[in-house]
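# A structural walkthrough
Residue strings, one per chain:
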Amino acid sequence: DVKVTQSSRYLVKRTGEKVFLECVQDMDHENMFWYRQDPGLGLRLIYFSYDVKMKEKGDIPEGYSVSREKKERFSLILESASTNQTSMYLCASRPTGRANYGYTFGSGTRLTVV
Amino acid sequence: AQSVTQLDSQVPVFEEAPVELRCNYSSSVSVYLFWYVQYPNQGLQLLLKYLSGSTLVKGINGFEAEFNKSQTSFHLRKPSVHISDTAEYFCAVSRGNDYKLSFGAGTTVTVRA
């Protein structure tokens, strides 16, 4: 069974800390995505990567960066965490060129910044 | 870019009653349409998708959705819900070879005994 694994289910960090959220997929998918989910706003795309070392900004990239050094791993980095980044973060992946495939999602990381 | 509107943010429903969740999208080109479900404290799981062909699509757990091109809608239905259908439901759209899915704001379904 295909799998997207997010390393932490719950995280609590302090304002100003550098935070790393890790995502690993075992499906050999080229495309990977980071979304944040907030009540009433649905899912908003932060960054995506269509291949190793390639990345593009999504709709809300401010305050975030990403790293994709290996095909299976896509990291989201909060350079200096702020309270307005408290949210649920979801990672997803998909084979390239397969817009009809849909995404496979991880279980999410609920981040609280205090 | 396409936008997705889920017309109901909360839908309370009694067990064994039918439910319909409404989704409209805006796009001038052909799209692929998806419904996802998120159970409490979990990630999103694909319920069903429309790619082409028959406008009535059947998915998992007894859900179905109907694509209406003229009304740019993709409403989700289930004829008889269970307590276990309590979850948040998201409609999503992708266009052609676009990398990205655009999601609606979600509809929370609460099933009561």
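This text follows the structure it describes.
In what follows, the accompanying structure is described. What you are looking at is a predicted structure, and each value in this text was computed from that prediction instead of being measured. (Residues numbered from 1 in each chain as written. Chains lettered and ligands numbered in written order. Predicted model: local features only at pLDDT ≥ 70, side-chain atom pairs only at ≥ 80, totals over all residues. Heavy atoms only, no water.)

## As for the pairing of strand 5 (residues 31-38) of chain B
Residue and element names in this part refer to chain B.
- With seven of its eight residues buried, strand 5 lies for the most part within the structure.
- Bridge analysis of strand 5 against strand 10 (residues 87-95) gives eight bridges, and the strand direction is antiparallel. Bridge pairing in strand 10 places Val31 opposite Arg95.
- Inspection of the sheet shows strand 5 paired to strand 6 (residues 45-50) by five bridges, in the antiparallel sense. When the bridges of strand 6 are listed, Tyr36 appears paired with Leu46.
- Taking the residues between adjacent antiparallel strands as the criterion, strand 5 and strand 6 are bridged by six residues, where Asn41 takes a positive phi near 60 degrees. (Buried < 20%, exposed > 50% of the residue type's maximum accessible area, 1.4 Å probe, protein only. Helix = DSSP H or I, 4+ residues; strand = E, 2+ residues; numbered from the N terminus. Pairing = 2+ DSSP bridges.)

## A few points about the state of the cysteines
- One pass over the full model with this rule turns up two disulfides over all chains.
- Two residues share a disulfide in this structure: A:Cys23 and A:Cys91, whose sulfurs sit 1.9 Å from each other. A torsion of -75 degrees about the S-S bond marks the disulfide between A:Cys23 and A:Cys91 as left-handed. A residue pair is termed long-range when its members are at least 10 positions apart, and A:Cys23 in strand 3 (residues 19-25) and A:Cys91 in strand 9 (residues 87-94) qualify at 68 residues.
- Judged by relative accessible area, A:Cys23 falls into the buried class, the value being 0%.
- Taking relative accessible area as the criterion, A:Cys91 reaches 0% and is therefore assigned buried.
- There is a disulfide in this structure between B:Cys23 and B:Cys91, and the S-S distance comes to 2.0 Å. Residues B:Cys23 and B:Cys91 are joined through a disulfide that is left-handed, its torsion about the S-S bond being -70 degrees. Here B:Cys23 is found in strand 4 (residues 23-26), whereas its partner B:Cys91 is found in strand 10, with 68 residues between them in sequence. As far as burial versus exposure is concerned, B:Cys23 and B:Cys91 are alike and both buried. (Disulfide = S-S within 2.5 Å.)

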